[in-house]
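Single-letter residue listing:
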Number of protein chains: 2
Amino acid sequence: MRVYLDNNATTPLAEEVKKEMADSAGIFGNASSMHKDGMLSRNLLEKARQKVSSGLGCSPDELIFTGCGTESDNIAIQGFLRGTDKKHIITSKIEHPAVLNVFKYLHNNGYEVTYLDVDEYGAVDPELLAGALRKDTALVSIMTANNEIGTIQPVKEISERIREYSKDIVFHTDAVQGFGKTDIDVKKMGVDMMSVSAHKINGPKGVGALFIRKGVKIKPVFIGGHHERGLRPGTENVQGIAGFGKAVEIAMAGMKEKNEKTGRLRDKLKEGIIRSIPNIKINGHPETVLPNTLNVSFRDVEGESIIMMLDMEGISVSTGSACTSGTLEASHVLLSIGLDHASAQGSVRFSLGVYNNEQEIGYVLEKLPGIISRLRDMSPLAKKSECK
Amino acid sequence: MRVYLDNNATTPLAEEVKKEMADSAGIFGNASSMHKDGMLSRNLLEKARQKVSSGLGCSPDELIFTGCGTESDNIAIQGFLRGTDKKHIITSKIEHPAVLNVFKYLHNNGYEVTYLDVDEYGAVDPELLAGALRKDTALVSIMTANNEIGTIQPVKEISERIREYSKDIVFHTDAVQGFGKTDIDVKKMGVDMMSVSAHKINGPKGVGALFIRKGVKIKPVFIGGHHERGLRPGTENVQGIAGFGKAVEIAMAGMKEKNEKTGRLRDKLKEGIIRSIPNIKINGHPETVLPNTLNVSFRDVEGESIIMMLDMEGISVSTGSACTSGTLEASHVLLSIGLDHASAQGSVRFSLGVYNNEQEIGYVLEKLPGIISRLRDMSPLAKKSECK
């Protein structure tokens, strides 16, 4: 048995997406070409653009396709800043590296950065944000939902505070993790730019998109031909983009019911862990949280040991972002919500997907308590605790 | 009948590549994840890296995967310049927009650029390049082969001139169009960085690669996680990359014979056009040229009219780079080799691929003369010529 509970890292391709991509594999023209082969690709591209923009609640001409969520974030942030002289930018301490590391780079290159604290659940306080706004603030970037602990940010309230202060400050949100798992509507949320990615919603890897509200001016960072309004030059990945369109279509159909089902399974896992394993802590917001995400700190054990032992039992989970795995650093998200280093290092993220079922959760609950118990028996940390 | 002669814009997916991608569609883990699903993806990724690097003659740890050729060019050029204070850079006047427009951007942002002239065949003179080198020259970027006229540049000789002058100047080549159609070996060619793309060699769109010689230091332009040594952050497109690996494998097998076959078909087309249509000019080098490319100027007609008429007969060709199509500007490549505006506007690029055959070339030669003759009959340019 193989149980995949690492859907925040990436998701399996939906069968419908595989089929869409196989069906479009023969449509190969360059979407910029004037002949029929080009037109066929262009049609496929624009059909997908309709689908993805409808999923975001924007107009198709407000959406560009990119190569991944990281690219969307970089085009949004670096691209907007290339067109303004204002030098103050704001983000939170628990952003994904695709945003946070861009801000660190900018910080080292002439920008003044405010990194907002979050509360013990990982939420940004809109009033704190409001107090950080300045005359020279160019851009605010706050994620829609956190990838490690699932906490959903008050994006609409943040947007309102920004608008009250100034109409000129641009508000970007990385919705890579929120898309498909919480209500997304760029208009209702009041954002100017939004990044999303196909492979987090059972679509293909190598495709992302960026919503840019009409009127927001950004400049290209990578420069070349005129594709995607010159903002993401390079021959469009028509097959992958068609797969993205299909993935959005199926993600949007019955999204509420699917999320309710995922939420029930996640709660079953959570309650089972609470019931069967002592000395744990659930991280993230108890209610305003993605329905699929469960982040747990297990006292006196290393998260990496847990995921290796679970892996041997056929269960895939992670310690946090796959984008920082292998670095041996404690999660910046968990440290920011107040965990000490040991607890942060002893944390595991279970992230469910639309294909998980009751039986799989039962299997995890059958294996996990024994693993934690064995690891604690071997742990020098646990022994040291006993010695005291 | 549909005849596709626009293979320099993009190529159809090879059946073997489709199969490879379908076979790997079930391997979906994030290549950065520590569990088995991650490991399976990582294995696929590294297998593909072996294949592509073997096609370039480099070591696998000298190759990063990107989202397209344009991205490779941008990472190479912008990324290298982010790590040096030297402000002089050199390129040719006939580069692809993915290089030329980056140089134009840099030109407007504090860099001094030398744009080298080319001869009437589109070749860069290594002596001219040698004369342009300076103490503050940071980087030279000269393409391996031109996408519009097929002329192959004396890359090795250019590299030798650069090395004679200084060991510190970095030499990048955009080999997107040359890869698979001419001998490529980064060591023999003496280049420091080389860009290639999958979709020009019957691989998938949305995947490129960049060779970076060991010891050459470049900084990321898009910033995020640690993927591809941090130089191209974002979850790796494992399925597409596996397809790229397969495409390189089949392109390299019997490459010489395939190119000889393509060259024979191209020559048949060229001779047929010369024989049956008056007032034409063949553009590009007569010998040092890609075996698949034929660029022809037809006097007194618009290139766009020709491609639309051919399209109606089921033949796909283009006026030049798909990356500049729709802009109505005359090709910068054709103007640089000395064509006047009218001749440049009346030019068509026929670019063959491995799947073309004799019958298809015969069909084009059957349709083309009548189309040119009809267009010339309608042309005000031709009539004006008669009036004189």
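Owing to the predicted nature of the structure, the values given are computational and were not obtained by experimental measurement.

Asks: Talk me through the overall build of chain A; I want residue IDs and the actual numbers.
Replies: Looking only at helices and strands, chain A has 14 helices and 12 strands in total. Here chain A has a C-alpha radius of gyration of 22 Å; the compact-globule value for 388 residues is 21 Å, and the two agree. Counting only C-alpha atoms and orienting by the principal axes, one finds that chain A spans roughly 75 × 50 × 35 Å. The burial tally for chain A puts 63% of its 388 residues in the buried class. In chain A, the share of contacts with a sequence separation of at least 24, taken over all contacts with a separation of at least 6, comes to 74%.

Asks: Pulling in residues and values, what's your account of the interface of chain B and chain A?
Replies: Chain B puts 63 residues into the contact, and the matching count from chain A is 63 residues. Between chain B and chain A the total buried area reaches about 5,100 Å² when both faces are included, carbon and sulfur atoms providing 60% of it. Linking chain B to chain A there are 4 salt bridges. The closest approach of N and O atoms between Arg 2 of chain A and Asp 37 of chain B, which form a salt bridge, is 3.6 Å. Linking chain B with chain A are 26 residue pairs in polar contact (both at pLDDT 80 or more), by the criterion used here. Counting residues per element, the ones that place at least two in the side of chain B that touches chain A are helix H1 (15-24), helix H2 (36-56), helix H3 (69-81), helix H4 (97-107), helix H8 (238-252) and helix H10 (303-312) of chain B.

Asks: So what about the environment of Tyr 165 of chain B? Which residues, and what values?
Replies: Residues and elements named next belong to chain B. Structurally, the position occupied by Tyr 165 is in helix H6 (residues 155-165). Here the alpha-carbon distance between Tyr 165 and Gly 131, two residues 34 residues apart in the chain, equals 9.8 Å. Beyond its immediate chain neighbours, meaning those up to four positions away, Tyr 165 contacts Leu 133, Arg 134 and Lys 135.

Asks: Can you tell me about the relation of the copies chain B and chain A, naming the residues and giving the values?
Replies: Relating one copy of the chain to the other requires a rotation about an axis plus a shift along that axis. Taken as rigid bodies, chain B and chain A are interconverted by a rotation of 180° and an axial shift of 0.0 Å, the fit giving an RMSD of 0.0 Å. Classification of the inter-copy transformation places it as that of a two-fold axis. It is Gly 67 of chain B whose C-alpha, among those of chain B, lies nearest the rotation axis, at 2.9 Å. A share of 100% of interface residues in chain B that are also interface residues in chain A marks the association as one of identical surfaces.

Asks: So what's going on with the sheet that holds strand S2 (residues 63-66) of chain B? Which residues, and what values?
Replies: Two modes of strand pairing occur in sheets, parallel and antiparallel, and in both the strands are linked by backbone hydrogen bonds. Residue and element names in this part refer to chain B. Strand order in the open sheet formed by 7 strands is S2-S8-S7-S6-S5-S3-S4, and the pairing between neighbours is mixed. The sheet is open, and its two edges are formed by S2 and strand S4 (112-116), each paired on a single side. Averaged over all adjacent pairs, the angle separating strand axes in this sheet is 20°, with direction ignored. Sheet topology note: the strand S3 (residues 88-92)/S4 ladder contains 5 bridges and is parallel.

How each quantity is defined
Residues numbered from 1 in each chain as written. Chains lettered and ligands numbered in written order. Predicted model: local features only at pLDDT ≥ 70, side-chain atom pairs only at ≥ 80, totals over all residues. Heavy atoms only, no water. Helix = DSSP H or I, 4+ residues; strand = E, 2+ residues; numbered from the N terminus. Rg over C-alpha atoms; globule rule 2.2 N^0.38 Å. Buried < 20%, exposed > 50% of the residue type's maximum accessible area, 1.4 Å probe, protein only. Contact = heavy atoms within 4.5 Å. Buried area = accessible area lost by both parts, 1.4 Å probe. Salt bridge = Lys/Arg side-chain N within 4 Å of Asp/Glu carboxyl O. Polar contact = N/O pair within 3.5 Å; in protein donor to acceptor, adjacent residues only side chain to side chain. Least-squares fit on C-alpha atoms with pLDDT ≥ 70 in both. Pairing = 2+ DSSP bridges. Axes fitted to C-alpha atoms, helices over the stretch in contact; angles between N-to-C directions.

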